[in-house]
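Fold and contact review
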Amino acid sequence: MLRPWAALWITAVLLCMVGAQYSSDQCSWRGSGLSHESHRRDVEQVYLRCSQGSLEWLYPTGAIIINLRPNTEPPSGHMAGLHVCIKPHPLSQGSHVFLENNGDLRMLLAEKDQAQGTVTCFNLAEGALFVESVPQADISRRITAFQYELVPSQGPGAHMYPYLHPGLVTCKPCSDEEVLMAVCTSDFAGSGIFRGVGSKNRSPAAVTLSRLFRQKSRVFARGGARKRGWGGRINVPSQCIGHPGGDEYLLTGSVHFGEAWLGCAPRYKDFLRLYVRAQRAGTNPCEIDTN
């Protein structure tokens, strides 16, 4: 429910845009609430145009509205499929985080919940982030900080990322087209085996890769005395993991907040048959070295 004073803040900002401050960095913003000391009900507008970045608000007072958009306009009709995921810093405090849409506020993260560092996602079309300071006598040592990412809710393996659709994660196989596209567009792609499986619902699984076609953020490192193969961990629902030490899989997926998440993962021998067939038909979206 919208608080009366919050409605006045939002309306004043949207109509007047007086005194709005803009970040010079299109991906990240760092500011201080000390500029609000004499105007404790100021609302500052922040505009970020990037697929990922961070926010750091020192000594929070008043409130800020964070408007997030991709750095390139998505195709028509695809904006509704774009989600914003935020991950608070474990030491983040001093503010509540709301989702604001046409004057209505919905709580996303209370101050006490931010220490858990849990990822929270919402559809970009639902509104902007409204970060409200918590009234307190001493604002020293209070810093609100979190990372954000813009994440598509559709595409190869998107159904495996649990924060987009809580409680609806499925292990359904990717289609042939999704597998071929995943090899070309995923943040990481390679072939390997599962070495260990976590005991929790979404514990990282240890993997060893014999081939690495691509990777982002160096989530896999070369291992062994002869530096053969790559080792690392992939987050995957426990019910979707193959038996440790069993078949070799094509492992593709995405990297979110520095962690690898499994996407399309057919058996590697099945992928090879699909890849060769697509190559002969001239329908391969990209070339990789499968030897």
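No experiment lies behind these values; they were computed from the predicted model shown. Every chain is numbered independently, its residues counted from 1 as its sequence is written. In keeping with the model being predicted, local features are shown solely for residues with a pLDDT of at least 70 and side-chain atom pairs are shown and tallied solely at 80 or more, while totals for entire chains, interfaces and linings include all residues. Only hydrogens and water are set aside when side-chain values are computed; all heavy atoms of the structure are taken into account.

1. Notes on the state of the cysteines
A pair of sulfur atoms, both from cysteines and within 2.5 Å, is called a disulfide here. Applying the stated criterion across every chain yields a total of four disulfides. Paired through a disulfide, C27 and C50 show a sulfur-sulfur distance of 1.9 Å. As the torsion about the S-S bond is roughly 50°, the C27-C50 disulfide counts as right-handed. One end of the pair, C27, is in the loop between α1 (4–16) and β1 (29–32); the other, C50, is in the loop between β2 (43–49) and β3 (52–58), with 23 residues separating them in the sequence. Here's how the labels work: a residue is buried when its accessible area is under 20% of the maximum for its type, exposed when over 50%, partly exposed in between, all with a 1.4 Å probe on protein chains only. Residue class for C50 comes out buried when judged on its relative accessible area of 10%. Paired by a disulfide, C174 and C264 hold their sulfur atoms 2.1 Å apart. In this structure, the disulfide formed by C174 and C264 twists by about -90° around the S-S bond and is classed as left-handed. To qualify as a helix, a DSSP run of H or I must reach at least 4 residues; to qualify as a strand, a run of E must reach at least 2; elements of each kind are numbered from the N terminus.

2. Overview of the sheet that holds strand β8 (residues 120–123)
Strand order in the open sheet formed by five strands is β1-β3-β10-β5-β8, and the pairing between neighbours is mixed. Since the sheet does not close on itself, it has two edges, and those belong to β1 and β8, each with one partner. Put simply, the sheet's adjacent strands are angled 20° from each other on average, direction ignored. Two strands make a pair as long as DSSP finds a minimum of two bridges between them. Alignment of β1 against β3, held across four bridges, turns out to be parallel. When the sheet's bridge partners are listed, W29 is paired in β3 with L55. Convention adopted: a line fitted to C-alpha atoms gives each axis, helices being fitted over their contacting stretch, and angles between N-to-C directions are expressed from 0 to 180 degrees.

3. Brief notes about unusual backbone geometry
Working note: non-glycine residues mostly have negative phi, and peptide bonds are mostly trans. Phi is positive for N102, which is not a glycine, with a value near 55°. Position of N102 relative to the elements: it lies in the loop between β6 (95–101) and β7 (104–109). For R218, which is not glycine, the phi torsion reads 50° and is therefore positive. For R218, the location among the structural elements is in the loop between β12 (204–214) and β13 (221–222).

4. So, the nonpolar core
In these notes, a set of buried Ala, Val, Leu, Ile, Met, Phe, Trp, Tyr and Cys residues joined through side-chain atoms within 4.5 Å is what counts as a nonpolar core. Within the largest apolar cluster, 23 residues are counted, with the highest numbers of intra-cluster contacts made by I66, L68, I86 and L129. Of all the secondary-structure elements, those providing two or more residues to this core are β2, β3, β4 (63–69), β5 (82–88), β6, β7, β9 (128–133) and β10 (143–152). With 18 residues, the next largest nonpolar core counts M160, L212, V219 and I234 among its residues.

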